[in-house]
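Structural overview
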Amino acid sequence: MDDKYSFKKTFTNTRFLACVSTIFILGFLIALTIVKRDSFSDHMEIIPYDDMWSYESGSLVDFDNLKTDKHFEIHKRTNEDEINNNSLCFYSKNIHFTVYLDGEPIYDFHPETANVYGKGYGIFPHSVSIPVIYRDGDIKIAIDNLYEGKAGYIIDMHLDTTNDFMIAQLQRSTPDFLICLVIFIFGFVLFAISLFGKYFGDARFEIISIGCLAMVASLWIATGTNVYMILTNSPVVLHFVEYIALDLMAYPAVVFASFVTGNKNSKLSIVVGILTLIKVGTSITLTSLGLMDYHQLLSCSQILLGITAIIFIYLIVKGITRKTIKSFITKILIVIFGVTTVFGVIDIIRYIIYRDDFITFSFFKYALFLFIFMSGLYEYIAITEMSKRGKYAEIMEELAYQDDLTGLLNRKAFNKKANIISDGETIYTLIMMDLNYLKRVNDELGHVKGDEYIKYIAKSIAESFANDEGCFRLGGDEFFVMTAYRSDEEAFYDSMKNLNSMINTYNKENDPSIKMSIAYGYSEFNPKTDNFDEQFKKADQKMYEMKAKMKGR
């Protein structure tokens, strides 16, 4: 009942509503962009240009089934009216090539990268500016397949009469890129909060895991957007990042499931962590040595994600049966994760059937984003509640260690501080103080006046030792200060001088019949050589010696 009330209260919180409203407005703008994203390309004048290409043998080219040879060439006769002032545009994947016009190279795509990045790249757009010709000419594309015995491909070849092909690619993929950017920032904020926030305890790892999952998942999807590819112009490196990010999603997902389902001590997250390290390490090693490639090891990544999904479901079921998971988050996890898993399985099946020879919409990535967003929203609510409870506990602890009358630390705080400095290495000066004639003040001037003396002395001590010293009221008229100043330092002398000055000021301004005064004694405490109780008694003894002298006068 308390949890439901607490979460209901959070949902009505103004800041919470502002955050959710901002997210929905941003989502609306992105959706609007998606709806309008084809408006620019609709005005482009596109001329199909994928017919009448031939191999060197004279046979016509079927771009849906390119040759699997290591190297081959395709040709097409053209004329000035057809290609002048145009660009040859198309998508390619897993091929390197050079475009020639009448034997002269006009475009070369042979990106040079280190072996560790592999050979393959994602679907990459090309826009080849064609020089002006004044006669019939011959366009040749010399193609190298990256994988032996496996054909790469060229698709959607056309002439762009307005040179706006790349702009259209940016426009089409901008919504996806913006969504990735929002989710990445969302995950980074959660990650930062978990590192620098207070009161989280073990829940910190839960928040870290969903933050990492958000960042890795958004990076994985962003690498496949044309915006990222065109801006970086490094398709091979981005493809490497895409494969590694895909593998790295498994571990934070299982860690999050372990904590959110109440199974934080489960060893399954360690198992998945080890499998992830093995998969990433093996992929990088085999690819660097040229034995295999990340693309050829993709099935291993799919198996790892499948294991992750099974473990996630197992942890949810275990949490439900043991009643260690809250009912509302159970429904959210089951429904959204179930939808995400179904779309993931559908995408894997489509990949197995069609391999990578298609460009299609993937529901899995949006379902994954929805799962991350809802999980992150849950973490935001949890963070809000933990912060409230932690702040309340902090206030209660502060009150427990605070003297009601003066606001100084009390004897309980004194005992705690004594234990802390006894285990440290810093030398402290211990100062015992006692307010003189308090009994006479109470008897002759009243307890209200006595309380005024006590509060003024406490204020004077706190202001005189204001550099992170410990100032305590041990009870009645007894005060104590622990300071890191040595007794022979000028700072110690200045603090004591300021304290006496404030007492003298009170006496001058108020001219009480019983003058305010204190007696004090101090000793130095070295944790390495001294016993705290002995040094405390030493300071106390000196204080009584000073008090006796003052009474004698």
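All of these numbers come straight from a predicted model, not from anything done at the bench. Sequence order sets the numbering: in each chain, residues are counted from 1 along the sequence as written. Whole-chain, interface and lining totals are the exception, using all residues; otherwise, since this is a predicted model, local features are given only for residues with pLDDT of at least 70 and side-chain atom pairs are given and counted only at 80 or more. Side-chain numbers come from the whole structure's heavy atoms, not from hydrogens or water.

1. A few points about the overall build of the protein
What counts, and what does not: Per the convention used, a helix needs a DSSP run of H or I reaching at least four residues, while a strand needs a run of E reaching at least two, with both numbered from the N terminus. Buried means the residue's accessible area, taken with a 1.4 Å probe over protein chains only, is under 20% of the maximum for its type, while exposed means over 50%, and partly exposed covers the values in between. Here, residues are in contact when the closest pair of their heavy atoms is within 4.5 Å. To be clear on the numbers: accessible area is Shrake-Rupley with a 1.4 Å probe, and residue cover counts the displayed protein chains and nothing else.
Within the protein, the secondary structure is distributed over 17 helices and 13 strands. For the protein, with 553 residues in total, the buried portion stands at 45%. Within the protein, counting contacts between residues at least 6 apart in sequence, those at least 24 apart form 76% of the total. In the structure as shown, the protein presents an accessible area of about 28,700 Å², 59% of it carried by carbon and sulfur atoms.

2. Here we look at the packing of aromatic side chains
Keep this limit in mind: Each pair of aromatic rings taken from Phe, Tyr and Trp, with Trp reduced to its six-membered ring, is defined by centres within 6.5 Å and is described as stacked if the planes are under 30 degrees apart, edge-to-face if over 60, and tilted in the remaining cases.
Within the structure shown, the criterion is met by 22 aromatic pairs. For the pair Tyr243 and Tyr294, a centre-to-centre distance of 6.1 Å together with 20 degrees between the ring planes defines the contact as stacked. Of this pair, Tyr243 sits in helix H7 (residues 235-248) while Tyr294 is found in the loop between helix H9 (268-288) and helix H10 (298-322), placing the two residues 51 residues apart along the sequence. Note on accessibility: Tyr243 and Tyr294 belong to one class, buried. A ring pair is formed by Tyr453 and Tyr506, whose centres lie 5.7 Å apart and whose planes are at 80 degrees; its orientation type is edge-to-face.

3. Quick word on a nonpolar patch on the surface
Heads up, the rule is: Think of a patch as exposed residues, more than 30% relative accessible area, with no salt bridge, where like charges cluster within 9 Å and nonpolar side chains (Val, Leu, Ile, Met, Phe, Trp, Tyr) cluster within 5 Å. We define a salt bridge as a contact between a side-chain nitrogen of Lys or Arg and a carboxyl oxygen of Asp or Glu at a distance within 4 Å.
Together, Leu178, Leu181, Phe184, Ile185, Phe188, Val189 and Ile193 line one region of the surface with nonpolar side chains, adding up to about 560 Å² of accessible area. Residue Val189 is classed as partly exposed on the basis of its relative accessible area of 41%.

4. A look at the packing of H9 against H10
The description of two helices packed together rests on the angle between their axes and the distance between the axes. Note the cut-off: Every axis in this analysis is a line fitted to C-alpha atoms, fitted for helices over the stretch in contact. Angles between the N-to-C directions lie between 0 and 180 degrees. With respect to orientation, any angle under 35 degrees is reported as roughly parallel, any angle over 145 as roughly antiparallel, any angle of 65 to 115 as roughly perpendicular, and every other angle as oblique. We call Asp, Glu, Lys and Arg charged. Ala, Val, Leu, Ile, Met, Phe, Trp, Tyr, Cys and Pro are nonpolar, and the rest, Gly among them, are polar.
Interaxial distance between H9 and H10 falls to 11 Å at its minimum, and their mutual angle equals 175 degrees. Between H9 and H10, the crossing angle belongs to the class labelled roughly antiparallel. Here Leu268, Val272, Leu275, Thr276 and Lys279 of H9 come into contact with H10, specifically with Cys300, Ser301, Leu304, Ile307, Thr308, Ile311, Tyr314 and Leu315. Residue composition of the contact of H9 with H10, grouped by class: 9 nonpolar, 3 polar and 1 charged.

5. Observations concerning the nonpolar core
Spelled out, the test is: What we call a nonpolar core is a set of buried Ala, Val, Leu, Ile, Met, Phe, Trp, Tyr and Cys residues that are connected through their side-chain atoms within 4.5 Å.
Judged by nonpolar contacts, the single largest core of 45 residues is most densely connected at Leu213, Trp220, Met249, Phe312, Leu368, Phe371 and Ile372. Among the elements that line this core, the one with the most residues is helix H5 (residues 203-222), at 9 residues. Excluding residues within four positions of it along the chain, Ile372 makes contact with Ile183, Phe186, Ile210, Leu213, Ala214 and Ala217. In terms of nonpolar packing, the next biggest core, distinct from the first, is built from 32 residues, Trp53, Leu88, Ile95 and Ile141 among them.

6. Digging into the side chain of Ser258
Inspection of the secondary structure assignment puts Ser258 in helix H8 (residues 250-260). For Ser258, a relative accessible area of 1% corresponds to the buried category.

7. Observations concerning the pattern of salt bridges
As enumerated under the stated definition, the model contains 12 salt bridges in all. Residue Glu452 is joined to Lys449 by a salt bridge in which the shortest nitrogen-to-oxygen separation is 3.4 Å. Here Glu452 and its partner Lys449 are both found in helix H15 (residues 447-464), 3 residues apart, which amounts to about one turn of the helix. Residue classification places Glu452 among the partly exposed residues on the basis of a relative accessible area of 31%.

8. A word on the sheet that holds strand S5 (residues 95-101)
Here is the rule we go by: Strand pairing is defined by DSSP finding a minimum of two bridges between the two strands.
Strand order across the open sheet formed by 5 strands is S2-S3-S8-S5-S6, with antiparallel pairing between neighbours. On the outer flanks of this sheet lie strand S2 (54-55) and strand S6 (104-109), each paired with one strand and no other.

9. Topic: the side chain of Asn436
Within the secondary structure, Asn436 sits in the loop between strand S10 (428-435) and helix H14 (438-445). Look at Asn436 and you get buried, because its relative accessible area is 3%. Not counting chain neighbours up to four residues away, the residues in contact with Asn436 comprise Ser517, Ile518, Ala519, Lys547 and Met550.

10. A short note on the sheet that holds strand S11 (residues 470-475)
With antiparallel pairing, the 4 strands of this open sheet are ordered in space as S11-S12-S10-S13. Each of the sheet's edge strands pairs with one partner strand only, and the pair in question is S11 and strand S13 (518-525). Each adjacent strand pair in this sheet contributes to an overall mean axis angle of 20 degrees, direction not counted. With 8 bridges joining them, S10 and S13 adopt antiparallel strand pairing. Across the sheet, the residue bridging to Ile431 is Tyr522, located in S13.

Shape descriptors only; they carry no functional weight alone.
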